[in-house]
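One-letter residues, chain by chain:
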Amino acid sequence: MVALRPDEASRLRAELASELGELGRVHAEITQRRDARDDTATYALALLLMNYYTGVERIFRRIAAHLGGLPPTSDRWHAQLLEDMALDLSGVRPAVLARDTVERLARLMRLRHVLRNLYAWAVHRDELDIHVASLDATHAAVVADLELFAEFLATLAQG
């Protein structure tokens, strides 16, 4: 059975809504800058894409802390946390993300890993353009999945 009190479910739902607002702002910034080709714009896009995934991961950490245990602690905890969001935990929570959404986000997670572990100028603009081009669909999938999960939280909040 779910160990989340109605007030905790309501708070988690509000936190998700706030984070979705932030993700929307990052998505809008990326959309605004996608056609600029100078180095500064390229670095900004790289940072914004990295921030987008970091924001999504922050949501997953909150969910995991309340529903389904704490985030993994192994060397590959980032990947494990993302994969866990596709699991339906019977009696605890439904899957947070559809499998397709997980696959889309896994590509962004790998990009973030590269950006965190290399110099920004080591990333080629054509690689960033692939991520920028797919972000609209990725963002729409993330929003749809998290709105569906928020409905589950609303049910819990009603007690």
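On a predicted model such as this, the values are computed, not experimentally measured, just so you know.

Caption draft 1: The environment of I63, seen in detail. Looking at the secondary structure, you find I63 in helix α2 (residues 39–66). Residues I63 and A14, spaced 49 residues apart in sequence, show a C-alpha to C-alpha distance of 12 Å. Other than its neighbours up to four places away in sequence, I63 contacts L12, L16, M85, R93, V96, L146 and F149.

Caption draft 2: A look at the nonpolar core. Within the largest apolar cluster, 47 residues are counted, with the highest numbers of intra-cluster contacts made by F60, L82, L105 and L153. Elements represented by at least two residues in this core include exactly α1 (6–33), α2, α3 (77–84), α4 (99–117) and α5 (125–157). Considering every element that reaches this core, the biggest residue donor is α2, with twelve residues. Those residues in contact with F60, other than ones at most four positions away along the chain, are L81, L82, M85, L97 and L105.

Caption draft 3: Highlighting the environment of T155. Tracing the backbone through its elements, the reader meets T155 in helix α5. As for T155 and S10, which are separated by 145 residues in sequence, their C-alpha atoms are 9.3 Å apart.

Scoring rules and cut-offs
Residues numbered from 1 in each chain as written. Predicted model: local features only at pLDDT ≥ 70, side-chain atom pairs only at ≥ 80, totals over all residues. Heavy atoms only, no water. Helix = DSSP H or I, 4+ residues; strand = E, 2+ residues; numbered from the N terminus. Contact = heavy atoms within 4.5 Å. Core = buried A, V, L, I, M, F, W, Y, C linked by side-chain atoms within 4.5 Å. Buried < 20%, exposed > 50% of the residue type's maximum accessible area, 1.4 Å probe, protein only.

That is the geometry; function is a separate question.
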